Amino acid sequence: RERERERGAMGSLVKDLDVVGWGEPSHLARYHSPYYNESHVKWRMHLRKWCEEKLAPNIQKWEKEKVIPHSVFEDAFRVGFLPAIVGAPWPEHLVGPCPVVKEFDAFHELIAWEEICRLGSGGLTWGICEGIQIGVPPLLNFGTPDMKEVAKQCLQGKKVICLCISEPYAGSDVANIRTTATKDPKTGDYLVNGEKKWITNGIMCDYFTVAVRTGGPGHEGISMILIDKSMPGVKCRQMDCTGVWASGTTYITFDDVKVPAENLIGKEGHGFRYIMYNFNHERWMLVGQAVRFARVCLEESVKHALRRKTFGKKLIEHPVIRFKIAEMARQVEATQAMLESLTYQMMTMSKEEQNLKLGGDTAMLKVQATKVYEYCARESQQILGGISYVKGGLGEKVERLGREVRAYAIPGGSEEIMLDLSVKQAMKLSKVLKSKM
């Protein structure tokens, strides 16, 4: 009875949804779910209203300008969006209570990602979210009180931050970064030199959370340091990429940048483990985005197939089109189920248990999600035809998402690296669990 009452309350919140095919996650349209309750639906509708009213009308403008205005970050804090994307629980000690939800969990965060991605723009999503989502956690988890104050300003939309790891010669191979931070034996301050490439939000940032080499080769020589963009010797150049234009992808050069010793995050030589500490969450976030983008492609395909006529009948009446739609739906729904299962593990495991058990499965799911996204992007372009090859108009979302597939298949760990990691982690976990028997 309790479940029926809860379902009835949820139904009243979503009764006006325009559901097309598999355009919404199943718990909103067709099925009961053990994961979601009324607070999740209320949170979704709250964010959907903001996304549709404040973000959607500006996507084309911000894409052309290749930047997100700073005022958008402050608005994103006002509705509770920014604090929602750095991992549950809600950071109340820094930003006060959530404006909508009392007990914030991993599914509330997943919903935040799904709702902004529902608009069909990786550039918008990364432009607002990416730097904060991966740049703030090292400060929250390992930073000094002053660094937590920086994190607070970022979560409140007053400042913007990004994570600087990738370099011209080191992407997935994090352990071999070359950017150095040489310590002055007299003052204890650091002199930072090197280059960072493909840095999301870099051009619009106030702060950089930077992976540097303070020791010898390999992962044990890596540390993390907080750099203020205003420090002399910092240079940023926006990169011209295939997609995610509004995200501000940047090439950053550090030329004898003097950084105070107190800007070291945590301990020297612990940088690699700090990076790994948040990698599962980062990849989970990419999975959530990719699955929703795949669903957008599916939804746009169904909409077009219902309105477009060829050879005297609607596209949806052609068996080959129904086959394409069914193939997309099969893969999207299966991957969504995997994502929700993994999210439940994140909600019920400690951070230490997550890092022990979920690394391999998260890596594998990232590959699954980006491959499904890539498949749906291609098939939706086939169904929409010429309008998916034109910027703007009815095919706008599909055209844009088709350009942005590689931005999800490569960052956060390429498919090849992720599949290899998933097997290694499974073997490692098996040994650990056997040793405890």
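Student: In this structure, what is going on with the overall build of the protein? I would like to understand it.
Tutor: When its secondary structure is counted, the protein shows 17 helices and ten strands. When the backbone C-alpha atoms are referred to their principal axes, the protein occupies close to 80 × 50 × 40 Å. Looking at the protein residue by residue over its 437 residues, the buried ones come to 54%. The long-range share in the protein, meaning contacts at least 24 apart out of those at least 6 apart in sequence, stands at 75%. Of the accessible surface of the protein, which amounts to about 19300 Å², a share of 53% is contributed by carbon and sulfur atoms. When the 60 positive and 53 negative side-chain charges of the protein are each reduced to one mean point, those points stand 3 Å apart.

Student: Explain helix H17 (residues 415-435) to me, please; I cannot follow it from the model alone.
Tutor: Helical geometry note: an α-helix holds 3.6 residues per turn, so side chains three or four residues apart project in the same direction. Helix length check: H17, at 21 residues, gives a terminal C-alpha distance of 30 Å against a target of 30 Å (1.5 Å per residue), a fit within 8%. Regarding H17, the residues found buried are Glu-415, Met-418, Ser-422, Gln-425 and Leu-429. Buried residues in H17, looked at end-on, bunch into an arc of 75°, giving them a common side. Opposite the packed face of H17, turned more than 90 degrees from it, sit the exposed residues Glu-416, Lys-424, Met-427, Lys-428, Lys-431, Lys-434 and Ser-435.

Student: Looking at this structure, I do not really get the packing of aromatic side chains. What am I missing?
Tutor: Given two aromatic rings, their pairing is described by the distance between the two centres and the angle made by the two planes. By the definition in use, this model includes 13 aromatic pairs. Here the aromatic rings of Trp-126 and Tyr-408 are separated by 5.1 Å at their centres, their planes lie at 50°, and the arrangement is tilted. Taken together, the positions of Trp-126 in helix H8 (residues 122-135) and Tyr-408 in helix H16 (residues 406-409) put the pair 282 residues apart, joining distant regions of the chain. Judged on exposure class, the residue Trp-126 and its partner Tyr-408 are both buried. For the pair Phe-208 and Phe-254, a centre-to-centre distance of 6.1 Å together with 75° between the ring planes defines the contact as edge-to-face. On the criterion of sequence distance, the pair formed by Phe-208 in strand E4 (residues 207-213) and Phe-254 in strand E7 (residues 250-259) is long-range, its members being 46 residues apart.

Student: Hey, could you run me through the side chain of Ser-414 in this one?
Tutor: One can find Ser-414 in the loop between H16 and H17. The exposure class of Ser-414 is buried, given its relative accessible area of 15%. Setting aside residues up to four positions removed in sequence, Ser-414 forms contacts with Ser-172 and Ala-409.

Student: For this particular structure, what's the right way to read the environment of Val-423?
Tutor: Inspection of the secondary structure puts Val-423 in helix H17. Overall, the relative accessible area of 47% leaves Val-423 in the partly exposed class. Remark: the alpha-carbon pair of Val-423 and Glu-404, spanning 19 residues in sequence, is separated by 28 Å.

Student: Explanation requested: the packing of helix H11 (residues 271-307) against helix H15 (residues 396-403) in the structure shown.
Tutor: Relative orientation and spacing of two packed helices are given, respectively, by the angle between their axes and the distance between those axes. Contact geometry for H11 and H15: axes closest at 10 Å, N-to-C directions at 145°. Handedness of the H11/H15 crossing: left-handed. Within the contact between the two elements, H11 uses Phe-293, Val-296, Cys-297 and Glu-300 and H15 uses Lys-397, Val-398 and Leu-401. Of the residues assigned to the contact of H11 with H15, the class counts are five nonpolar, no polar and two charged.

Student: Teacher, can you tell me more about the nonpolar core here?
Tutor: The tendency in soluble globular proteins is for nonpolar side chains to be buried side by side. With 122 residues, the main nonpolar core has Trp-43, Leu-55, Phe-81, Ile-128, Phe-208 and Ile-227 as its most contacted residues. For this core, the element with the most residues is H11, which contributes 16 residues. Excluding its chain neighbours within four sequence positions, the residues that come into contact with Leu-55 are Trp-50, Trp-62, Val-72, Ile-116, Leu-119, Leu-124 and Ile-128.

Student: Would you mind showing me how to read unusual backbone geometry here?
Tutor: Both trends apply: most residues other than glycine have a negative phi, and most peptide bonds are in trans. A cis geometry characterises the amide bond from Ala-88 onward to Pro-89, with omega recorded as 0°. Relative to the assigned elements, Pro-89 resides in the loop between helix H5 (70-78) and helix H6 (92-95). One non-glycine residue, Asn-201, lies in positive phi territory at about 75°. Mapped onto the elements, Asn-201 comes out in the loop between strand E3 (190-199) and E4. What makes Asn-201 buried here is its relative accessible area of 0%.

Student: Help me understand the pattern of salt bridges, please; the structure alone is not making it clear to me.
Tutor: Pairing is possible between side chains of opposite charge, provided their charged atoms come close. As enumerated under the stated definition, the model contains 26 salt bridges in all. A salt bridge links Glu-115 to Arg-48, with the shortest nitrogen-to-oxygen separation between them at 2.7 Å. Here the residue Glu-115 occupies a position in helix H7 (residues 106-117), and Arg-48 occupies one in helix H3 (residues 38-55), the gap between them amounting to 67 residues. A relative accessible area of 1% places Glu-115 in the buried class. Between Glu-65 and Lys-61 there is a salt bridge; the shortest N-O distance is 3.0 Å. Separated by four residues within a single helix, Glu-65 and Lys-61 lie in helix H4 (residues 59-65), roughly one turn from each other.

Student: Hey, could you run me through the side chain of Thr-335 in this one?
Tutor: Tracing the backbone through its elements, the reader meets Thr-335 in helix H12 (residues 319-348). Reaching out from Thr-335, the side chain makes a polar contact with the side chain of Gln-368 at a distance of 3.1 Å. In contact with Thr-335, other than residues within four places in its own chain, are Val-291, Leu-365, Gln-368, Ala-369 and Val-372.

Student: Just to check I follow, could you spell out the state of the cysteines for this structure?
Tutor: As used in these notes, a disulfide is a covalent bond between sulfur atoms, one from each of two cysteines. In this structure the tally under the stated criterion is zero disulfides. We note that Cys-154 lacks a disulfide partner, and the nearest cysteine sulfur, in Cys-205, lies 7.9 Å from it. Of the residues examined, Cys-154 reaches a relative accessible area of 0% and is grouped as buried.

Cut-offs and rules
- Residues numbered from 1 in each chain as written.
- Predicted model: local features only at pLDDT ≥ 70, side-chain atom pairs only at ≥ 80, totals over all residues.
- Heavy atoms only, no water.
- Helix = DSSP H or I, 4+ residues; strand = E, 2+ residues; numbered from the N terminus.
- Buried < 20%, exposed > 50% of the residue type's maximum accessible area, 1.4 Å probe, protein only.
- Contact = heavy atoms within 4.5 Å.
- Areas by Shrake-Rupley, 256 points an atom, 1.4 Å probe, with all protein chains shown as cover.
- Lys, Arg positive; Asp, Glu negative; His and termini not counted.
- Charge placed at Lys NZ, Arg CZ, Asp CG, Glu CD.
- Expected span 1.5 Å × (residues − 1).
- Arc of directions from axis to C-beta.
- Phe/Tyr/Trp six-rings, centres within 6.5 Å; stacked < 30°, edge-to-face > 60°.
- Axes fitted to C-alpha atoms, helices over the stretch in contact; angles between N-to-C directions.
- Left-handed = near helix turned anticlockwise from the far one by under 90°.
- Nonpolar A, V, L, I, M, F, W, Y, C, P; charged D, E, K, R; others polar.
- Core = buried A, V, L, I, M, F, W, Y, C linked by side-chain atoms within 4.5 Å.
- Salt bridge = Lys/Arg side-chain N within 4 Å of Asp/Glu carboxyl O.
- Polar contact = N/O pair within 3.5 Å; in protein donor to acceptor, adjacent residues only side chain to side chain.
- Disulfide = S-S within 2.5 Å.

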